[in-house]
Amino acid sequence: LAKTTQPISMDSYEGQEVNITCSHNNIATNDYITWYQQFPSQGPRFIIQGYKTKVTNEVASLFIPADRKSSTLSLPRVSLSDTAVYYCLGGGYNNNDMRFGAGTRLTVKP
Amino acid sequence: NAGVTQTPKFRVLKTGQSMTLLCAQDMNHEYMYWYRQDPGMGLRLIHYSVGEGTTAKGEVPDGYNVSRLKKQNFLLGLESAAPSQTSVYFCASSPQGSSTRSTGELFFGEGSRLTVL
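Caption draft 1: Spotlight on the pattern of salt bridges. All names here are of chain B. Tallied over the entire structure, the rule returns four salt bridges over all chains. One salt bridge in this structure joins R36 and D38, with 2.9 Å as the shortest N-O distance. The two residues R36 and D38 agree in class, both being buried. Note that D38 is salt-bridged to R44, the shortest N-O span being 2.6 Å. For D38, a relative accessible area of 16% puts it in the buried group.

And the structure:
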C-alpha cells in the first residue's frame, strides 16, 4: 500500500508551467503511479499514468526517477481552467485498497 | 456509453434512517470502490470489491455495509444514518489488467450528496 505525500496547495499564473511533486517512498515493485484531477462537485478524472522514466500525453507530463520514490506532474502553460485539486495514487497491480492522499489544491491566477 | 452511474444523486435522511446507494458500471470492470469526500478534504476509501461476490474494508468502513451480488453493481448501505455520515459519496470502477501488470485507472461516477439531519 503506497502512502503518498503532496504539497497541500500551490499557486500559479496563467501561462506558467506547474510542477507538482508526490512522494511515495514505499511504492511496490509492480505498482503504477497515477494522477487525477478533481473539479468542485465532480468525481476525479484520470490525467496521466506511468511506471518509470517519463510519460507525456496531450495534457501533462509525468516524470518518475529511477528509484520511483517520487513523481512529478508537469502541467505546461496552465490556464484558469486548470484550477483544481490534483491527486497522485500509487497502486494498481492488484487494484485493491486504492487510497487517495489529501491532494494538492492548485490555484491559477490571471 | 454511461460509464459509472450513481443513484440517487441527492438524498436527505433523518438520524437513524437507513438507505442504499447504488453504483452501476457498464464497462465490465472487475474492481469497484466506494469513497466519501467531506468538504475541503480528500477522498477516503470506505469499502471496495475485487470481483463479484467479494467485498473488503477500506480506511473508514464503520457504519457502512456493501454488497456486490452482480459484477456491474456495487451497493453501499447505511443501516442507521448519523450526521457524521453527511458527505459526498463517489463510486469508482477499474478494469483488471494483465496477469503481471494492472493499470489501476479509476473511473468515477458523478457523486451522491447525502445529508443526515
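Next comes the rest of the write-up.
Caption draft 2: Seen up close, the layout of surface pockets. Here the largest pocket defines a volume of roughly 370 Å³. Along its surface, the largest pocket is lined by 23 residues, and A:P40, A:S41, B:Q37, B:P39 and B:G40 are the ones closest to its centre. Listed by contribution, the elements that provide at least two residues to the lining of the largest pocket are β8 (84-91) and β9 (104-109) of chain A together with β9 (87-94) and β11 (112-116) of chain B.

Caption draft 3: Representation of the side chain of A:S71 in the model. Residue and element names in this part refer to chain A. The residue S71 is located in strand β7 (residues 70-75) in this model. Among the polar contacts listed, one links the side chain of S71 to the side chain of H24, at a separation of 3.0 Å. One polar contact links S71 to W35, side chain to side chain, over a distance of 3.4 Å. Excluding anything up to four places from it in sequence, S71 contacts I20, T21, C22, H24, I33, W35, L62, F63 and I64.

Caption draft 4: Highlighting the state of the cysteines. All names here are of chain A. For the structure shown, the criterion picks out two disulfides over all chains. Between C22 and C88 runs a disulfide, and the two sulfur atoms are separated by 1.7 Å. Torsion about the S-S bond of the C22 and C88 cystine: about 50 degrees, corresponding to right-handed handedness. You can see C22 sitting in strand β2 (residues 18-23) and its partner C88 sitting in strand β8, a full 66 residues away along the chain.

Caption draft 5: Examining the packing of aromatic side chains more closely. The full count for this structure, using the stated rule, is eleven aromatic pairs over all chains. Between B:Y33 and B:Y48, the aromatic rings sit 6.3 Å apart at their centres with planes inclined by 25 degrees, giving stacked as the arrangement. With B:Y33 in strand β4 (residues 31-37) and B:Y48 in strand β5 (residues 43-49), this pair connects stretches of sequence that are 15 residues apart. You can call B:Y33 buried: its relative accessible area is 0%. Under the relative-accessibility criterion, B:Y48 is labelled buried at 10%. Linked through ring pairs, A:Y36, A:F46, A:Y87, A:F100, B:Y33, B:Y35, B:Y48 and B:F108 together constitute an aromatic cluster.

Caption draft 6: Looking closely at unusual backbone geometry. Residue B:P8 is reached from B:T7 by a cis peptide bond, and omega for that bond is -10 degrees. Of note, B:P8 is situated in the loop between β1 (4-7) and β2 (10-13). A positive phi angle, near 60 degrees, is found at A:R68, a position not held by glycine. Structurally, A:R68 is set in the loop between β6 (61-64) and β7.

Caption draft 7: View of the environment of A:F63. Residues and elements named next belong to chain A. By the element assignment, F63 lies in strand β6. The partly exposed category is assigned to F63, whose relative accessible area is 35%. As for F63 and W35, which are separated by 28 residues in sequence, their C-alpha atoms are 12 Å apart. With sequence-adjacent residues up to four places away left out, F63 is seen in contact with T53, K54, S70, S71, T72 and S74.

Calculation notes
Residues numbered from 1 in each chain as written. Chains lettered and ligands numbered in written order. Predicted model: local features only at pLDDT ≥ 70, side-chain atom pairs only at ≥ 80, totals over all residues. Heavy atoms only, no water. Salt bridge = Lys/Arg side-chain N within 4 Å of Asp/Glu carboxyl O. Buried < 20%, exposed > 50% of the residue type's maximum accessible area, 1.4 Å probe, protein only. 1 Å grid on protein atoms, 1.4 Å probe; cavity = no way out; pocket = protein on both sides within 12 Å on 5 of 7 lines; lining within 4 Å. Points joined across faces, edges and corners; volume = space filled by probe spheres on them. Helix = DSSP H or I, 4+ residues; strand = E, 2+ residues; numbered from the N terminus. Polar contact = N/O pair within 3.5 Å; in protein donor to acceptor, adjacent residues only side chain to side chain. Contact = heavy atoms within 4.5 Å. Disulfide = S-S within 2.5 Å. Phe/Tyr/Trp six-rings, centres within 6.5 Å; stacked < 30°, edge-to-face > 60°.

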